[in-house]
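Residues per chain, in single letters:
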Amino acid sequence: MGEEDYGIDPKVINRIAEEIHQIHQLGVQVGIVIGGGNIFRGAGLAKSGIDRVTGDHMGMLATVMNSLALQNAIEKQGAKVRVMSAIQIHEVCEDYIRRRAIRHLEKGNITVFAAGIGNPFFTTDSAASLRAIEVNAEVVLKATKVDGVYSADPVKDKNAIKYDTLTYDDVIENKLAVMDTAAVVLCRDQGMPIRIFNMGQSGALMKIIKGENIGTIVQN
């Protein structure tokens, strides 16, 4: 969304696409789970009176729109991209099938996982954790608007402390706003590390791939 009030900011999506392409050129296998909050957010729609299940389905479709936009932006950089959706929408993208997704990654295709997990009441965070585990990823990279996890909102509290490392239980017990609890528990049970970083910082993604201590790492 960038500086826009709604929708997709071309400058932002093109920069993100460029950074993804740069790490892909290093030989990194990249799977992406994308949200839809810039268009529709299911929980928000539910608060406005829309049935929660209907709202979540609208949110899933919003993630498909974002996935197609990101696919187009990355392909303009010269990489091959496949969008796989958890809900059937054959005219615009493939169905998500685990073995096919792994094959895409092995062939060097950037793979975008759309529509969450295909069920209401589950967030995009849960989808990211699940897909990462299913395709045997090394780490979940959680792109946010802050450069890690803090003890309090750093915008509101100047004394907020940034954590370099946390355990899964630290996040759950202290109710830290990293990912939703279900997603963190899933990663904890499968030993999947989570690194939280600020995607708004140009070059942060490449620094992580090169081994720099960017953001906050959550692991056992």
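Small disclaimer: the values here were computed from a predicted structure and weren't measured.

Asks: Would you mind going over the pairing of strand 4 (residues 110-114) in detail, with residue names and values included?
Replies: Counting buried residues along strand 4, five of its five residues qualify, which places the element largely inside the surrounding structure. The alternating pattern of strand 4 places Ile110, Val112 and Ala114 on one face and Thr111 and Phe113 on the opposite face, and all of these are buried. Here strand 1 (residues 31-33) runs beside strand 4; their pairing, made up of three bridges, is parallel. Paired with isoleucine 32 across the two strands is valine 112, which belongs to strand 4. With five bridges joining them, strand 2 (residues 81-85) and strand 4 adopt parallel strand pairing. Counted as the bridge partner of serine 85 is alanine 114 from strand 4.

Asks: Before we move on, could you go through the sheet that holds strand 1 and cite the residues and values that matter?
Replies: One open sheet holds the four strands; their spatial order is 1-4-2-3, and the pairing between them is parallel. Since the sheet does not close on itself, it has two edges, and those belong to strand 1 and strand 3 (94-95), each with one partner. This element, helix 3 (residues 52-75), spans strand 1, strand 2 and strand 4 of the sheet and lies at about 170° to strand 2.

Asks: Lay out the pattern of salt bridges in plain terms, naming residues and giving numbers.
Replies: Scanning the model with the defined rule gives eleven salt bridges in all. The salt bridge partner of aspartate 56 is arginine 52, with a shortest N-O separation of 2.9 Å. Taken together, the residues aspartate 56 and arginine 52, both in helix 3 and four residues apart, mark about one turn of the helix. Between aspartate 189 and arginine 188 there is a salt bridge whose closest N-O contact spans 3.3 Å. In the salt-bridge network here, residues are joined through shared partners; they are Arg82, Glu94 and Arg100.

Asks: Please provide a residue-by-residue account of the side chain of threonine 216, values included.
Replies: Among the secondary structure elements, threonine 216 is positioned in strand 10 (residues 216-218). Separated by 2.4 Å, the side chain of threonine 216 and the backbone oxygen of tyrosine 163 make a polar contact.

Asks: I'd love a proper account of the nonpolar core, names of residues and values included.
Replies: Of all hydrophobic cores here, the largest spans 27 residues; its most connected members are Ile20, Ile32, Leu70, Ile74, Ile110 and Phe197. Sort the elements by how many residues they give to this core and helix 3 lands first, with five residues. Setting aside its immediate chain neighbours within four residues, leucine 70 contacts Ile13, Ile16, Ile20, Ile32 and Ile34. Listed in part, the 16 residues of the second largest apolar core include Tyr168, Val178, Cys187 and Val218.

What counts and what doesn't
Residues numbered from 1 in each chain as written. Predicted model: local features only at pLDDT ≥ 70, side-chain atom pairs only at ≥ 80, totals over all residues. Heavy atoms only, no water. Buried < 20%, exposed > 50% of the residue type's maximum accessible area, 1.4 Å probe, protein only. Helix = DSSP H or I, 4+ residues; strand = E, 2+ residues; numbered from the N terminus. Pairing = 2+ DSSP bridges. Contact = heavy atoms within 4.5 Å. Axes fitted to C-alpha atoms, helices over the stretch in contact; angles between N-to-C directions. Salt bridge = Lys/Arg side-chain N within 4 Å of Asp/Glu carboxyl O. Polar contact = N/O pair within 3.5 Å; in protein donor to acceptor, adjacent residues only side chain to side chain. Core = buried A, V, L, I, M, F, W, Y, C linked by side-chain atoms within 4.5 Å.

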